[in-house]
Amino acid sequence: MTMSSEERRRRVHRAVNAQKRGIRYSDAYRNNSYDDTGAQGRGETGYSPDDYNTASYRRPAGSSIQRSRSTGSGRNSSRRRQTNRRGRRRGPNILQILLLILLVAAVVVAAVFAVKGLRGLLQGNPDQETETSTAQSESETQETETMVSPAEQILTEAARLAAMYDYDGAIELINSDPAVAALPEAASAVAEYEQIKTTLVRQDISGITHVFYHILVVDPENAFDESRWGTQAGGYNGLMTTIPEFEKMLEEFYNDGYVLVRLHDMASMETQADGTEKMVPGDIMLPPGKKAMVMSQDDVCYYEYMEGAGFAERMIVGEDGRPTCVYVDENGTEHVGEYDLVPILDRFIDEHPDFSYKGAKACLAFTGYNGILGYRTDETYDPSSDMYDPEKTANPNIEADRAAAREVVEALRADGYELASHSWGHRDMGAITLEHMKKDTDRWDRNVNQELLGGTCDILIYPRGADVGDWRASSYSHSDNAKFDYLWDKGFRYFCNVDGSTSAWVQVGDDFLRQGRRPLDGYNMWREISEGRGKMSDLFDDVSAIFDTRRPTPVPAY
Ligand SMILES: [Zn+2]
């Protein structure tokens, strides 16, 4: 029972609607949590019957009166309720007085909430809302949100930019509106940002660590089950990281002061006076105690062989316009949400914007042979192409899938992700012949870079970590290294191999940047635990506290 991609998309769209969070990016930041308002299972309106009941119960017909009466009396709550009930049965005069009191109290309460809410928003205090009485129902919270003024929006957005170390951007935003800039709150925010700027420390590019993952495991009991997947189960166990492991690592990175940066923040190509290009180290400015880190994820293709094995199936653009994941469980039910690195990291950075330097997230690497992001977009799936591979299941929706993949690509870029090549066929580029490498690189360029990424990709993450040069910068010579020269001509300027032996390995050449990456996978965690290597001791206090106990041990090498 195969379902067409179109039908799948429609179903996912419905699922997304059903799971609509009812929350905007800035709201998530202000509330400091998705969970408070994350509306699982709610309909379009954002209300569930429970909310409705809660709202009407909490609505303070009697509650303000209860409060004012109880202050002067030592009665217990059941007595107070009796007093109220009795009070309501009295004559019309009393009722009118009560109504009048109620009206005045309501006006006062509304005014207090309005002022407090306004001040809280202007101060950018995310805890402000929790200080307000529980009598303030969710519907009232939503009403105050819709009343947010442009000035408040600007100051809230400026606070978010400043939290991500973009102080200049925050100041520029405030000053872009003279009416906002004239507010005392705005002036004090600008003064604060200017003060913080004087304390920033320039990051040493050569000391920046780079960690990487593969697709995260949603269901370890499935993925690591040898009776189902044979030796592949051991491969998953060794190469992959589970979702709880990843989440614990994020917490440790954050608590240790790490901040995600882009490869393009580390260094970038600048045109010199003589017209030549030069790779120039960037100025990453962070407060004392913060340290830059690059994160990447390989093989973000959701390969055919992984289908049904306990991993996300593909990435889509969610209702909020941001990338998210589709996961199909054992019963064939589709779920949309945090089933891989991207949406998990997004939520974490919503909650901790200071984990991201100017909105940087991770770098995602794609091969070509199975398409990207779970869409079978490669020409080898296209029966009308000369390159069609009859061994593959033809994709009759290939054009629609390419369009869908391009949409996700745009959403990923807008969300702070960098995108990279991981070669077309996951070949060892150091070992294969120059001709083979050229053919493979051209296939990737045609099917992924030109077709889906807009032809702008300049990052190469070597499959199997296999570099085309040795450790010396001189091995990346245009005249002596034909492979490097070809890759450079194809537009690559950033090259990442694998080096788990040291906390950081960075090489800024004349016209390239190279960086070693550290695998934080099952096998390497198991080696830390079983051999006490200490290779991750700069990152984690205790790897065994991160290691998912659902893993079969010993974790096999790959
Ligand atoms: Zn790979």
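Residues numbered from 1 in each chain as written. Predicted model: local features only at pLDDT ≥ 70, side-chain atom pairs only at ≥ 80, totals over all residues.

K.L.:
Help me out: how do you make sense of the packing of helix 9 (residues 150-163) against helix 10 (residues 167-175) in this one?
P.N.:
The geometry of a pair of packed helices is captured by two quantities: the angle between their axes and the separation between those axes. Packing of helix 9 against helix 10 brings their axes to within 7 Å, and their N-to-C directions diverge by 165 degrees. Here helix 10 runs roughly antiparallel to helix 9, going by the angle between their axes. You can see that helix 9 and helix 10 cross each other, and the crossing is left-handed. Between helix 9 and helix 10, the contacting residues are Ile154, Glu157, Ala158, Leu161 and Ala162 on the first element and Tyr167, Gly169, Ala170, Leu173 and Ile174 on the second. Across the contact of helix 9 with helix 10, the residue classes tally to 8 nonpolar, 1 polar and 1 charged. (Axes fitted to C-alpha atoms, helices over the stretch in contact; angles between N-to-C directions. Helix = DSSP H or I, 4+ residues; strand = E, 2+ residues; numbered from the N terminus. Parallel < 35°, antiparallel > 145°, perpendicular 65-115°, else oblique. Left-handed = near helix turned anticlockwise from the far one by under 90°. Contact = placed C-beta atoms within 7 Å. Nonpolar A, V, L, I, M, F, W, Y, C, P; charged D, E, K, R; others polar.)

K.L.:
Would you mind showing me how to read the sheet that holds strand 9 (residues 323-328) here?
P.N.:
Overall, antiparallel pairing links the 3 strands, which are arranged 8-9-10 in an open sheet. Pairing within the sheet leaves two strands with one partner each, and these edge strands are strand 8 (314-317) and strand 10 (334-337). Averaged over neighbouring strand pairs, the angle between their axes works out to 35 degrees when direction is ignored. As paired elements, strand 8 and strand 9 share 4 bridges and run antiparallel to each other. By the bridge assignment for strand 9, Ile316 is matched with Thr324. Its contacts with the sheet put helix 18 (residues 341-351) on strand 8, strand 9 and strand 10, and the angle it makes with strand 9 is roughly 130 degrees. Here helix 19 (residues 398-414) sits on the sheet in contact with strand 8 and strand 9, set at roughly 75 degrees to strand 8. (Pairing = 2+ DSSP bridges.)

K.L.:
What should I look at first to understand the pairing of strand 16 (residues 513-519) in this one?
P.N.:
The two faces of the sheet receive side chains in turn, since in a regular strand these alternate between them. Burial within strand 16 is extensive, with 7 of its 7 residues counted as buried. On strand 16, burial covers both faces: Leu513, Gln515, Arg517 and Pro519 on one face and Arg514, Gly516 and Arg518 on the other are all buried. Bridge analysis of strand 14 (residues 494-498) against strand 16 gives 5 bridges, and the strand direction is parallel. When the sheet's bridge partners are listed, Tyr494 is paired in strand 16 with Leu513. Relative to strand 16, strand 15 (residues 506-508) runs antiparallel, the two sharing 3 bridges. In the sheet register, Gln507 faces strand 16, and the bridge partner there is Arg514. (Buried ≥ 20, exposed ≤ 12 C-beta atoms within 10 Å, placed from the backbone.)

K.L.:
Which parts of the structure should I look at to understand helix 12 (residues 184-197)?
P.N.:
Along an α-helix, a turn takes 3.6 residues, which lines up residues three or four apart on a common side. Compared with the 20 Å implied by 1.5 Å per residue over 14 residues, the 20 Å span of helix 12 between its first and last C-alpha is a close match. Those residues of helix 12 that sit buried are Ala186, Ala189 and Tyr193. Down the axis, helix 12 shows its buried residues gathered within 60 degrees of arc, on one side only. Turned more than 90 degrees off the buried face of helix 12, the exposed positions are Pro184, Ala187, Ser188, Ala191, Glu194 and Gln195. Of the surrounding secondary structure, the elements contacted by the buried residues of helix 12 are helix 9, helix 10 and helix 11 (178-181). (Expected span 1.5 Å × (residues − 1). Arc of directions from axis to C-beta.)

K.L.:
I'm lost on the confidence of the model for the protein chain in this one. Help?
P.N.:
Caution applies to low-pLDDT regions: their predicted coordinates should not be interpreted in detail. Scored by pLDDT, the protein chain has a mean of 81; 74% of the residues are at 70 or more. Contacts for the low-pLDDT stretch residues 1-92, under 50 throughout, to residues beyond four places or in other chains number 92 contacts. (pLDDT = per-residue confidence, 0-100.)

K.L.:
Is there a simple way to explain helix 20 (residues 434-452) in this structure?
P.N.:
With 19 residues, helix 20 ought to run about 27 Å at 1.5 Å a step, and its terminal C-alpha atoms sit 25 Å apart, in line with that. Burial in helix 20 covers these residues: Met437, Asp440, Thr441, Trp444, Asn447, Val448, Asn449 and Leu452. Residues of helix 20 that are buried sit in contact with strand 11 (363-366), helix 19, strand 12 (418-421) and helix 21 (482-489). Where helix 20 terminates, the next one or two residues include Gly454, which has phi positive at roughly 75 degrees.

K.L.:
Whenever I open this one, the packing of helix 9 against helix 12 confuses me. Can you help?
P.N.:
Relative to each other, helix 9 and helix 12 sit at 10 degrees, their axes nearing to 11 Å. Between helix 9 and helix 12, the angle is such that the two are roughly parallel. The residues of helix 12 that touch helix 9, namely those facing Leu155, Ala158 and Ala162, are Glu185, Ala186, Ala189 and Tyr193. Considered class by class, the residues forming the contact of helix 9 with helix 12 number 6 nonpolar, no polar and 1 charged.

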